[in-house]
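# Secondary and tertiary structure notes
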Amino acid sequence: MPAIELNRVRRVFQTTTGVLRRHAKQIVAIDDLSLTIEEGELFGLLGPNGAGKTTLIKILTTLLIPTSGSARVLGHNVDREAAWVRPRIGFVFGGERGLYYRLSGRENLVYFAELYSVPPRELRARVDGLLEMVGLRDRANERVETYSRGMKQRLHLARMLLHQPPVLFLDEPTIGLDPIGARELRETIARLHAEGKTIVLTTHYMFEADLLCQRIGIINNGKLVAEGSPDRLKQLVSDLSVVELEVFGATAAAIERLRSIDLVDSVVVEQREVRQLLRVQTRAADRAVPLLVAALEGIEIGRVTVREGTLEDAYVRLVGRLE
Amino acid sequence: MIGPARVLRAAAALQIAQLSANLFMLFCVFVQPLFIAVTAMYILRHRPDFDPMYVVVGAGLSGLWSVALFDGTWAVQSERWQGTLELIAASPAPVMLVVGGRMLGSMAFSLLSMVVCYAVGAWLFGYELVVRDPLGFIVAFAFGLFSLWSIAVLLSPIGILWRTAARFLNVLEYPVYILAGFLFPILFLPGWSNPVSNLLPPYWAAVALHGTAAGTLSRPELMLALLVLVLASAIDLLLARSLLQMVLRAARRAGTLSLT
């Protein structure tokens with residue numbers, strides 16, 4: 001039995017604009033999306049902001065009702081059988097909210113353990129064990145308002161695991177964490193997967209998805225635009241090379257000149273302090289490089305490198321932009 | 001199925017821990033009633049009919065009513081602001097029990113104000129504070145508390161459904177103090193207001209508590225007050241349950257559980 005089944009799920013939000021004359025507007029967050037995730041799988045969801053990743057996670061965690069279609073977790077409908085699903089899932093949303101700041105980390109965990117009916121005899125040991133696991137044992141009795149962002153995120157992780165759910169949803173869990181904190185969190189996710197948990201992970205970090213996930217789904221404008229193993233997705237750009245140009249002061253007009261070159265598939269600009277890194281996808285790097293350099297005439301060019309396509313490049317190709 | 005008592009206890013403990021860490025709430029519970037009790041007892045001390053126990057009970061009821069009104073309308077919204085409403089809504093624990101537990105915690109905390117008033121009367125002014133019908137008082141106290149708690153639970157979905165209306169509800173703090181006869185009998189009020197008082201469950205809580213404290217309430221009168229309190233509580237809780245279910249379902253449909 002699949003752990004998660006989405007069958008033609010559609011989710012529409014209604015909003016209104018204007019003060020005196022109010023206009024109703026519909027936003028399609030998820031558009032006819034079908035997907036199956038097997039038990040024990042670590043599945044990554046990639047997509048730009050507003051693509052529908054969080055909406056999808058919220059549907060699967062019983063917090064949103066799909067407008068149409070059906071979503072099932074462990075064979076049970078997340079809307080009609082929400083009471084069955086809830087004790088069997090755990091979730092973490094990125095960010096610092098969702099904790100009682102005036103209480104200690106331990107008090108927060110004890111409270112949620114009670115709401116999830118953790119057996120009283122096991123409660124203390126389980127809370128202590130999770131505090132140890134996420135490295136918060138020494139600060140457990142301090143108020144959450146004194147915690148760093150990373151500590152709050154780790155406390156969320158401990159909260160998610162209190163009732164030992166078989167299915168986990170992690171929505172951008174490493175966002176805002178320092179590199180060491182993020183690496184430790186990735187190690188924890190890998191360990192949970194090794195223990196047999198089904199995990200759905202949304203992330204903006206391609207290397208994270210590449211490193212952790214068995215399968216990845218790329219979602220854009222509410223639609224699943226690609227799905228498969230990281231290697232399979234990389235094959236989408238096997239015909240492409242990426243030319244990286246480090247430049248100083250490239251203007252918008254210069255970027256447009258690059259985009260207008262026939263051999264160029266896409267151009268992504270990454271600002272790095274005073275420099276810019278231009279990532280140009282092309283099918284013929286050897287012929288494209290001289291044209292690119294010519295199009296940047298008058299702009300100081302530093303390093304120029306050519307490499308094979310990565311998962312990130314596949315993402316750029318599918319989604320059309322990089323945030 | 002999760003044990004209701006466990007959820008109520010956990011939510012009450014959480015609420016007490018949060019209030020204990022809040023300096024403003026500590027002021028409301030300890031300092032404000034101290035001022036009220038000292039002022040009332042000082043002004044009224046020479047009146048021959050002055051009953052200091054009336055002030056103690058009245059101040060306690062006032063504190064409970066304020067908590068029911070403010071914390072009730074604020075309970076669900078505060079969870080939403082903290083980002084914890086989604087966590088509660090997606091947990092196996094019924095949201096109504098979580099809200100009910102929180103209100104229980106708030107009320108237990110506010111009872112400390114009654115203790116402060118008692119201490120002022122007994123130790124500062126040296127009054128002999130006696131409850132003339134202790135058994136009746138205990139029963140009246142339990143029913144009165146249950147009634148005010150039910151109102152608080154009912155106010156929680158109203159605070160979400162009609163946010164603007166909830167702000168106006170907060171204006172009811174002082175009118176109910178007066179109309180329910182918390183600090184002085186409604187006999188002092190104009191006759192036309194008495195039927196309004198009779199419609200308010202807090203009035204019947206005040207009748208039962210003041211009457212049993214003073215020993216002036218007959219058993220049938222006490223039974224009538226308790227019956228009104230039970231009926232009002234049952235209606236409040238049934239309404240609260242339906243409204244909360246409706247609110248949460250609407251929020252899951254509209255995607256507003258996490259909105260502030």
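A brief report on the enclosed structure follows. All values reported here derive from a predicted model rather than from experimental measurement.

Rules behind the numbers
Residues numbered from 1 in each chain as written. Chains lettered and ligands numbered in written order. Predicted model: local features only at pLDDT ≥ 70, side-chain atom pairs only at ≥ 80, totals over all residues. Heavy atoms only, no water. Pairing = 2+ DSSP bridges. Helix = DSSP H or I, 4+ residues; strand = E, 2+ residues; numbered from the N terminus. Salt bridge = Lys/Arg side-chain N within 4 Å of Asp/Glu carboxyl O. Buried < 20%, exposed > 50% of the residue type's maximum accessible area, 1.4 Å probe, protein only. Contact = heavy atoms within 4.5 Å. Buried area = accessible area lost by both parts, 1.4 Å probe. Polar contact = N/O pair within 3.5 Å; in protein donor to acceptor, adjacent residues only side chain to side chain. Axes fitted to C-alpha atoms, helices over the stretch in contact; angles between N-to-C directions. Patch = residues over 30% accessible without salt bridge, like charges linked within 9 Å, V, L, I, M, F, W, Y side chains within 5 Å. Areas by Shrake-Rupley, 256 points an atom, 1.4 Å probe, with all protein chains shown as cover.

### Let's talk about the pairing of strand 4 (residues 68-73) of chain A
Residue and element names in this part refer to chain A.
- With 5 bridges connecting them, strand 1 (residues 4-17) and strand 4 associate as antiparallel partners. Bridge pairing links Glu-5 to Arg-72 in strand 4.
- Examined bridge by bridge, strand 4 and strand 5 (residues 76-77) share 2 bridges and lie antiparallel to one another. Within strand 5, the position partnered with Val-73 by the bridge is His-76.

### Observations concerning the pattern of salt bridges
Residue and element names in this part refer to chain A.
- By the definition in use, this model includes 33 salt bridges over all chains.
- Among the ionic pairs, Asp-31 bridges to Arg-10, the shortest N-O distance being 3.0 Å. Residue Asp-31 is found in strand 2 (residues 23-37), and its partner Arg-10 is found in strand 1; the two are separated by 21 residues along the sequence.
- Residue classification places Asp-31 among the buried residues on the basis of a relative accessible area of 17%.
- The partly exposed category is assigned to Arg-10, whose relative accessible area is 30%.
- Between Asp-313 and Arg-307 there is a salt bridge; the shortest N-O distance is 2.7 Å.
- Each of Glu-244, Glu-270, Arg-279, Arg-307, Glu-312 and Asp-313 takes part in salt bridges that share partners, so that together they form one network.

### With respect to the interface of chain A and chain B
- Chain A puts 35 residues into the contact, and the matching count from chain B is 34 residues.
- In total, chain A and chain B occlude about 2900 Å² of area from one another, counting both sides; carbon and sulfur atoms represent 56% of this.
- There are 5 salt bridges connecting chain A and chain B.
- A salt bridge links Asp-79 of chain A to Arg-252 of chain B, with the nearest nitrogen and oxygen atoms 3.6 Å apart.
- The interface formed by chain A and chain B includes 14 residue pairs in polar contact (both at pLDDT 80 or more).
- Those elements that place two or more of their residues in the side of chain A that touches chain B are strand 1, strand 6 (89-93), helix 3 (105-115) and helix 4 (120-133) of chain A.

### Some details on the pairing of strand 11 (residues 241-248) of chain A
Residue and element names in this part refer to chain A.
- Summarising burial for strand 11: 7 of the 8 residues are buried, a large majority.
- Both strand 11 and strand 13 (residues 275-282) contribute to a ladder of 8 bridges, which runs antiparallel. Each bridged residue has a counterpart across the sheet, and for Val-243 the counterpart in strand 13 is Val-280.
- Of the strand pairs in this sheet, strand 11 and strand 14 (residues 300-308) are connected by 7 bridges, and their pairing is antiparallel. What sits directly across from Glu-244, in strand 14, is Thr-305.

### Examining the sheet that holds strand 13 of chain A
Residue and element names in this part refer to chain A.
- Spatial ordering of the open sheet is given by 12-13-11-14, a layout of 4 strands whose pairing is antiparallel. A single partner strand is all that each edge strand has here, and the edge strands are strand 12 (264-272) and strand 14. Here the strands of the sheet are splayed against their neighbours by 20° on average, with no regard to which way each runs.
- Across 8 bridges, the pairing between strand 12 and strand 13 is antiparallel. Across the sheet, the residue bridging to Ser-266 is Gln-281, located in strand 13.
- Sheet strands touched by helix 10 (residues 285-295): strand 11, strand 12, strand 13 and strand 14. Its angle to strand 11, the strand with the most contacts, is close to 20°.
- Sheet contacts for helix 11 (residues 311-319): strand 11, strand 12, strand 13 and strand 14; angle to strand 13, the most-contacted strand, approximately 75°.

### A few points about a nonpolar patch on the surface
Residues and elements named next belong to chain B.
- Judged by side-chain polarity, Phe-30, Leu-112 and Val-115 come together as a nonpolar surface patch covering roughly 240 Å² of accessible area.
- In this structure, Val-115 sits in helix 5 (residues 95-124).
- Residue classification places Val-115 among the exposed residues on the basis of a relative accessible area of 51%.

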